[in-house]
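Below are the chains, spelled out letter by letter.
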Amino acid sequence: MFKNNFTSGELNPNLWGRSDLAQFGNGCAVLQNFVPLVEGPARRRAGFWFNGLPKAAGTACILIPYVRALDDAYVIEMGDGYSRFWQVNGSPIMDPANPTQPLELASGYTAGQLSGLRWKQIGDVIVFFHRTGLHPRRLQKVSETSWNWDYFNFEDGPWRGENSDASVTIQATDWRKGQVVTLSASAAIFAAGMVGTFFRLRSGNGLPGLRTWAADEDPKGYALRYSNDGVYYTADAVSTEKTGNTPPTHDIGTASDGLVNWTFLHDNSGMVQIIGYTSPTVVTAVISRNLPILGTYNATDKEWQLAGNPASIGQAFPATFAWSEAVYSDYRGWPTAWPELREERFLVAGGAAAPDKYCASQTAGYSANSAVFTPGRGTGTVLDDDAIQGFVGDDSFKAQWLVSGPMLVCGTHGGEAVLVGETGEAPLTPSTTKPRALTRYGSADGVRPIKAQDSILFVTRGNKSLRDLSVSVYDYPGSGSDLSFIAKHIANRKFVEVVYAGAPDYIVWTRLADGGLASLVYNREQQIKGWSRHVLGLTGSPVVESLCVVPDTVGNDRLWIVARRTKSNTTQRLIMMMSDPDDRMRLDGAERYAGVAAGGVSGLDHLNGEAVTLMYGSGDGRFAQASNITVTGGVATLPGGQTATEIIAGQPFTSRFESLPLTANSAQGERLKLVRVDVAFEGVRLSGGTLTGGKSDTFKSRDYNDTSALTPVHTVETLTFEADAELDPRFFLETTNGFDLTIKSYEAKFNR
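As the structure is a prediction and not an experimental result, all values here were calculated from the model.

## Some remarks on the overall build of the chain
So, step 1. Assigned secondary structure in the chain consists of one helix and 64 strands.
So, step 2. In terms of principal-axis extent, the alpha carbons of the chain reach across some 115 × 65 × 50 Å.
So, step 3. The burial tally for the chain puts 54% of its 752 residues in the buried class.
So, step 4. For the chain, restricting intrachain contacts to residue pairs at least 6 apart in sequence, the fraction spanning at least 24 positions comes to 64%.

## Focus on the nonpolar core
So, step 1. In this structure, W509, L559, I561 and L614 are the most contacted members of the largest nonpolar core, which totals 37 residues.
So, step 2. Discounting chain neighbours no more than four positions away, the residues touching L559 are F48, V499, W509, L547, C548, V549, M576, M577 and M578.

## Focus on the pairing of strand β48 (residues 528-534)
So, step 1. The buried fraction of β48 is high, at five of seven residues.
So, step 2. When strand β47 (residues 517-523) meets β48, the two strands line up antiparallel, connected through seven bridges. Each residue of the ladder has a partner; that of S519, found in β48, is S532.
So, step 3. Two successive antiparallel strands, β47 and β48, enclose a turn made up of four residues, where Q527 displays a positive phi of approximately 55°.

## Regarding the confidence of the model for the chain
So, step 1. Confidence in the prediction of the chain, expressed as mean pLDDT, is 92, and 96% of residues score 70 or more.
So, step 2. Here residues 704-709 is a poorly scored stretch, pLDDT under 50, and it has 11 contacts once near neighbours within four places are set aside; other chains count.

## Things to note about the side chain of E610
So, step 1. One can find E610 in the loop between β53 (600-601) and β54 (611-617).
So, step 2. A distance of 2.5 Å separates polar atoms of two side chains, one belonging to E610 and the other to T539.
So, step 3. A polar side-chain atom of E610 sits 2.7 Å from a polar atom in the side chain of K567.
So, step 4. Sequence-distant contacts of E610, that is, excluding residues within four places in its chain, are made with T539, R565, K567, I629, T630, V631 and Q651.

About the cut-offs
- Residues numbered from 1 in each chain as written.
- Predicted model: local features only at pLDDT ≥ 70, side-chain atom pairs only at ≥ 80, totals over all residues.
- Heavy atoms only, no water.
- Helix = DSSP H or I, 4+ residues; strand = E, 2+ residues; numbered from the N terminus.
- Buried < 20%, exposed > 50% of the residue type's maximum accessible area, 1.4 Å probe, protein only.
- Contact = heavy atoms within 4.5 Å.
- Core = buried A, V, L, I, M, F, W, Y, C linked by side-chain atoms within 4.5 Å.
- Pairing = 2+ DSSP bridges.
- pLDDT = per-residue confidence, 0-100.
- Polar contact = N/O pair within 3.5 Å; in protein donor to acceptor, adjacent residues only side chain to side chain.

What follows is the structure, given as structure tokens:
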């Protein structure tokens, strides 16, 4: 029996006897602190560098990636009411006004609200939503040392369905933008919590008798004309002036038709924002867009005219039943699903007022501070670039996330669907976009899906399954699989956070509900899916509280974590970054010294009083190792007065491999006896043995001066099995040192 492929990773114990499964041939029983490589071997996971402590040890914090380019990437630490910033090399960004302190901004989110955040980066802005429907906020990067927080606002919608009861009307005491007015309703439609809510008002009677702009006519002063679905007025016309040849089409300000200036008035719709509550039928509001007034009809000239300059002359806006309330507000709540960008539209979904709906902004209708959801003109004209609203599926399931890939996919509590235009390849438009159901697995609340290669990976309802989904206009309804089927012992611990480090090893990192860490090597092209479990080497029962992936300066994706543990009966939190695998550093919470020859490494206050392992050498790739060195005063000192130009200090972690049962039969069907296993690996120091009988061997235990280059080297060693090993014909390989280790293959030998 020869095995040189471990790409299926750990198998659920219920599958240990399933030699008929394809994954059985490439799987193992335990792969702790290893990761399968796409090429086949299993390699020790990289260690974690210690970056620093978060602001407060006693309260939770999370890490948010900011990635705009390889040279424009950061990690944002968010804790109880604050945000701080880290460079991708692990250094904190310092406050230019106080260079000894990290740059810090008030975020507006408490520690208890952090787990409910959902966000999307748009250029240099990250927009944040919340599972409880909090008003969205945004964080903008101006420069590395200049960031700012503000609210993110919705403009001109999206709107709830327009009122259709002609007896329920709203009127206003003025119509002009910027005026503070009293709104009076004919029924109880207002509530005290509506302060800040927007309403859209249209003229229920349309634009009766309004003349259409025409060339070579003689409009009077402040006359109104209809053109291109807009209403315009002219203030400078006199009886001898004629209109030009260019009809007005603008929707803001003033423009000439060639001879006469026309100012945009409205498109038969206007907008107000409530600023004060009086009663269920009376509120105070400010007009944010002119209400659709027609002024006074001049029967002699047969045209509608304003009474005079709008800057100084107004009039009441008459009662109208054609009004709409904003879908989202502090009163109704804000979107709760993970947002997305698609075809230059900003898409949001969910919320208490519209749990099963999505809204897409106008094309290119978003900026650093807001998104525009104009539904079309108040005259009823809707263009393809206008905002879109619709259901996320055929059933009223709560929207959880939106992801843009070859197609726009929406995950809900009850299933998954695509949102498509008139055809699969057609763009999204208000008149053609519709949902098409895909699957009925349902998505977990709050777990952000990820894009890995050409697939979407998402956690299903109940958090015990991670699935992939690949769908395109040429492959509808697409394909997918349960990625966690072969590792239910991991999945049953529940996935609560998922991130993807594509380069260089295609690893999906998952945070488990119990604070554990697991990984899935996922390469759809090569059909490779292999799970591993990971245990931090830190003492004090460490758990992982947050994950984040950002690219380093050379393009490799780095995993960042927040770890919490108990140290001297006190909670300690650490921000750590996984090392580059080729650094060959296999310690956790590690610090490095490089420079002139020194006798120790400092900066280890987070490990003070604890035992660490030291890797030390001359900076040429050779390392010696010293174990159980106690950190005193934040310093770990080399034994025997030695010095080195490179020293790495951290806590060791155990990497353990356990094989599946090794069995074979003779040609006559007779059970054969396992007698030896030849293991090929690349490493420095490794222990191995049988799982019964207690037999154990140590391979390649060498000192610093044993070789001219003490680095992992390829070797083959043999494990022998005794009779009692037949009770459980498996073997283990294990190491706790700071060296790299790659298991390449093993060959089991049997006899009668």
